[in-house]
Amino acid sequence: MQISRKVKIPDGLKNFKLERWSELPDFGIYKDQLVTIIKENLKPIYLDDEDFISPSMINNYVKLNRIKPPVKKKYFKEQIAVAMIITGLKQVLTLDDISSGISLATKIYSHEQAYNIFCELFENNIKQVFMSELDDIYLSKIADDGTNLSINMITLSLCMKIYTQLIIKEGGIGGINE
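Treat the numbers as computed from the prediction; the structure is a model and nothing was measured.

### Considerations on helix α3 (residues 55–63)
Link 1 in the chain: What α3 keeps buried is the set Ile58, Tyr61 and Val62. The buried residues of α3 occupy an angular sector of 100° when the element is viewed end-on, so they sit on one face.
Link 2 in the chain: Those residues of α3 that are buried are in contact with α2 (31–42), α4 (77–89) and α5 (95–108).
Link 3 in the chain: At the C-terminal side of α3, Asn65 shows a positive phi close to 60°.

### Observations regarding the layout of surface pockets
Link 1 in the chain: As a volume, the largest pocket reaches approximately 390 Å³.
Link 2 in the chain: Residue lining of the largest pocket: 24 residues in total, with Ile98, Gly101, Ile102, Ala105 and Ile151 positioned closest to the centre.
Link 3 in the chain: Of all the secondary-structure elements, those providing two or more residues to the lining of the largest pocket are α4, α5, α6 (111–131) and α8 (149–169).
Link 4 in the chain: If one sorts the elements of the lining of the largest pocket by residue count, α5 sits on top with 8 residues.
Link 5 in the chain: Of the residues belonging to the lining of the largest pocket, the class tally is 17 nonpolar, 5 polar and 2 charged.
Link 6 in the chain: Within this model, the second largest pocket holds a volume of roughly 200 Å³.
Link 7 in the chain: Taken together, 13 residues form the lining of the second largest pocket, with Asn65, Arg66, Ile67, Lys68 and Val82 sitting closest to its centre.
Link 8 in the chain: Those elements that provide at least two residues to the lining of the second largest pocket are α4 and α5.
Link 9 in the chain: By residue number, the principal contributor to the lining of the second largest pocket is α5, which donates 4 residues.

About the cut-offs
Residues numbered from 1 in each chain as written. Predicted model: local features only at pLDDT ≥ 70, side-chain atom pairs only at ≥ 80, totals over all residues. Heavy atoms only, no water. Buried < 20%, exposed > 50% of the residue type's maximum accessible area, 1.4 Å probe, protein only. Helix = DSSP H or I, 4+ residues; strand = E, 2+ residues; numbered from the N terminus. Arc of directions from axis to C-beta. Contact = heavy atoms within 4.5 Å. 1 Å grid on protein atoms, 1.4 Å probe; cavity = no way out; pocket = protein on both sides within 12 Å on 5 of 7 lines; lining within 4 Å. Points joined across faces, edges and corners; volume = space filled by probe spheres on them. Nonpolar A, V, L, I, M, F, W, Y, C, P; charged D, E, K, R; others polar.

Without other data, these values stay purely geometric and don't point to any function.
Have a look at this one:
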């Protein structure tokens with residue numbers, strides 16, 4: 001008997017790609033549209049959970065000062081990006097830790113740069129964890145001075161948690177093949 005170390009990787013994770021800053025709407029959007037954008041981007045990492053983001057959650061993030069309040073009920077790029085990061089990372093970090101991380105990243109980078117780095121590292125970590133692809137592009141994005149290291153490590157942590165959930169969902173690390 002041989003134990004298989006493979007789990008069935010959903011297509012959404014195989015082809016996982018977050019919208020970059022330039023792909024986010026250049027105009028204000030309403031809360032329902034914000035929720036739709038987040039769901040479209042992050043559904044693959046939530047597997048079977050359909051309720052990972054809702055309008056009331058957005059309201060709570062605003063009330064807790066994690067997302068800037070809407071302007072005339074509309075959310076713009078910075079708010080969309082922050083909401084996307086919070087929704088992705090809330091599986092592994094507290095809101096306080098996520099907010100602190102965003103604040104730290106935006107002291108080093110512009111909001112656009114920080115968000116795009118998050119997206120790129122998250123996608124690369126998805127590849128590394130789920131497709132065992134570690135390439136030079138991935139390694140070159142970790143700055144020698146460690147500024148990207150925390151973003152890298154937290155996105156890797158999230159990928160590991162998702163992988164663990166898949167293993168549990170599959171009932172172990174794979175079937176027993178004869």
